[in-house]
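Below, each chain spelled out in residue letters.
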Amino acid sequence: MGRRGLLGIALVAVIALSLGLPPAFGQTPKRGGVLRIADREAPNLDPHLSVSFITHTWASMVYSHLVRFPYGPEQKHSGDFSIVPDLAQKWEYKTPTTVVFTLRKGVKFHNKPPVNGREVTADDVKYSLERFMAKSGFRSRFDQVQSIEAVDRHTVRVTLKEPYAPFLNHLASPSYAVILPREVEQRHKDFNHPDAVIGTGPFVLKTYERGVRVVFERNPDYFMKGQPYLDGVVIEITPDASARLSVLRAGKVDLGHMWGWLSPEQGKSVQKTNPEMVVTPTMVVGQGVIYMRTDQPPFNDVRVRRAIALAIDRKGWNDALLFGEGCIDSGPVPCAMKDWKLDAAKLEPARAKYLVGYDPAEAKALLTQAGLGGGLTVPMFHWPGYAPPWRSYYELAADNLGKIGLTAELKPEEYGKYISTTYLGKFEKMAIGPITPFTEVDDFLYGTHVPEQPNNRSHVADAELNKLLVAQRRELDPAKRREIIDRIQRYLADKAYYVYLPNAPQYITHPPHVKGFKHHDGYGLGMRLMHTWLDR
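Being a predicted model, the structure only gives us computed values, none of them experimental.

### Here we look at unusual backbone geometry
Here the residue pair P113 and P114 is connected by a cis peptide bond, since its omega of 5° sits within 30 degrees of zero. Among the structural elements, P114 can be located in the loop between β5 (98-103) and α3 (122-135). Following P388, the chain continues into P389 via a peptide bond in cis, with omega recorded as 10°. Tracing the backbone through its elements, the reader meets P389 in the loop between β13 (376-382) and α12 (390-402).

Structure below.
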């Protein structure tokens, strides 16, 4: 893509979104009311010091970004990752490696000390992006950033080391580069204290009682005039999944999960006990995997990895737990990321079977060929707190592997330990769990397969693969990039660096008085609630 094309994208993006878009839900939104949610507790409030999805979801209530994704009536579908303005009212690629952002004027931080509602400036953007690059567990997303300059009070210039297709998507992701005020860190040392949670987002953190609840109230100075519609949001800390479901059924909360998710089993049950509920089955961007230390025996042997892949009865899991509504062709690109997905049906069957096949007899033969015919025992680390059906997944994985002679000893971990060690590849032998529902296909490919990447949990090191992974992120033309990504998916099919598990749809569930709540993949709860209102 040439400079003209990039300029065109920027221009279209700027025109596409104007402030105060009319709601597209057929009813006029009502202002007021407090939305109540039951969910788990964030391990940390500083969005750069934790890779937890709960931390980033809470952060999305409070903070803004330079650019963002469309939400609510703006979005075309739940995986709409087009780029629209946020704090930056426009941007322009001066060259394929130089992007200039122009900030909205007059946008204010929340009116809390020590910031006291001052205007956001280019210096805040430079500080925030550089802090992300220095401290975040996701900082590798900006490895291609060479420099960030505050050209003047409202202009920021970012220079990249080379063309980098994922850049704007990463800027928009709620998990990464929120814009923070520097003086807060100078006073509080980081952004983990409740008094330090000061942004420019649609809600203001009012109170936080650890282990009890966190209360947000509407930002009266939010730069998107007239929004949000809600007066506030309360998250009741409810660690147990069954307890969250009970309070939802009892009408004590409006959402039994931050994103309104229920498993298919839970959703179908609620449809029977609470037929008044609005239940919308949705295939979401997500992925569950068994990951292994492929840099160490026995998982450095592709025969062992392929045996594990063939041991998993994906169709059986899908039928038993997901009512046949899940997707078993879930990797390496997630099912719901259709713009980039190469279906297994389009791959050579002899290789595709290691993605979607089930053949315990061949699995046993492969283990025997690898010298493990007498059996093998390995730990399988995991966090038991993930929402259903994950506990069933852990048990089924151990059961399936046991049938080929591999004994997986389930090793539950406390969340803080899991998310700071196992989740980042610091474990022995084998682990199991979901992958962050990233918004950029690069994260599911480059991020999980290139050495030194924090999400390369299987410790993959494949020189031939690396060339393709680098090429796709340097290609700014979407069609040419898609061709490279297809080649990557063909190459990875029989490597079994990760063993992909069926991806479950989520039943987005809420009472009928909750209006305008539309699912969008990623962790942007604040933006979803920006368009949500209560009709009661």
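### Side note on the sheet that holds β5
Read across the open sheet, the four strands follow the order β4-β5-β7-β6; overall the sheet is antiparallel. Whereas interior strands pair on both sides, the edge strands pair on one side only; in this sheet they are β4 (88-95) and β6 (145-152). The sheet shows a mean angle of 20° between the axes of neighbouring strands, direction not considered. With six bridges connecting them, β6 and strand β7 (residues 155-160) associate as antiparallel partners. Bridge pairing in β7 places A150 opposite V156.

### Topic: the state of the cysteines
Covalent bonding between the sulfur atoms of two cysteines is what defines a disulfide. The full count for this structure, using the stated rule, is one disulfide. A disulfide bridge connects C327 with C335, and the sulfur atoms are separated by 2.0 Å. Taking the torsion about the S-S bond as the criterion, the C327 to C335 disulfide, at about -90°, is left-handed. Assessed through its relative accessible area of 6%, C335 is described here as buried.

### Some thoughts on the pairing of strand β10 (residues 232-237)
Within β10, six of the six residues are buried, leaving the element largely enclosed by the surrounding structure. Both strand β1 (residues 34-39) and β10 contribute to a ladder of six bridges, which runs parallel. The residue bridging A38 from the neighbouring strand is E236, located in β10. The sheet contact formed by strand β9 (residues 213-218) and β10 spans five bridges and is antiparallel. Bridge assignment links R213 to a residue of β10, and that residue is E236.

### Let's talk about helix α2 (residues 53-62)
Owing to its 3.6 residues per turn, the α-helix aligns residues three or four sequence positions apart on the same side. Taking burial as the measure, the ten residues of α2 include ten buried ones, the bulk of the element. For α2, the complete set of buried residues consists of F53, I54, T55, H56, T57, W58, A59, S60, M61 and V62. Where α2 is buried, its residues touch β8 (203-209), β9, β10, α13 (415-420) and α17 (525-530). For α2, the side-chain oxygen to backbone nitrogen distance between the N-cap and I54 is 3.0 Å, and the N-cap itself is S52.

### Structural notes on the packing of helix α6 (residues 241-249) against helix α7 (residues 264-273)
In contact at an axis separation of 11 Å, α6 and α7 are set at 25° when each is read in the N-to-C sense. Here α6 lies roughly parallel to α7, going by the angle between them. Both α6 and α7 take part in a crossing whose hand is right-handed. Along the contact surface, α6 presents A241, L245 and R249, while α7 presents Q266, S269, V270 and T273. Among the residues making up the contact of α6 with α7, the classes are represented as three nonpolar, three polar and one charged.

### With respect to the side chain of R457
Tracing the sequence through the fold places R457 in the loop between α14 (441-449) and α15 (463-474). As a buried residue without a salt bridge, R457 has its nearest oppositely charged side chain in E413, at a separation of 10 Å. Among the polar contacts listed, one links the side chain of R457 to the backbone oxygen of Y423, at a separation of 3.0 Å. Setting aside residues no more than four positions away along its own chain, R457 makes contact with Y291, M292, T422, Y423, G425, F427, P434, I435, T436 and Y498.

Cut-off values and rules
Residues numbered from 1 in each chain as written. Predicted model: local features only at pLDDT ≥ 70, side-chain atom pairs only at ≥ 80, totals over all residues. Heavy atoms only, no water. Helix = DSSP H or I, 4+ residues; strand = E, 2+ residues; numbered from the N terminus. Pairing = 2+ DSSP bridges. Axes fitted to C-alpha atoms, helices over the stretch in contact; angles between N-to-C directions. Disulfide = S-S within 2.5 Å. Buried < 20%, exposed > 50% of the residue type's maximum accessible area, 1.4 Å probe, protein only. Contact = heavy atoms within 4.5 Å. Polar contact = N/O pair within 3.5 Å; in protein donor to acceptor, adjacent residues only side chain to side chain. Parallel < 35°, antiparallel > 145°, perpendicular 65-115°, else oblique. Left-handed = near helix turned anticlockwise from the far one by under 90°. Nonpolar A, V, L, I, M, F, W, Y, C, P; charged D, E, K, R; others polar. Lys, Arg positive; Asp, Glu negative; His and termini not counted. Salt bridge = Lys/Arg side-chain N within 4 Å of Asp/Glu carboxyl O.

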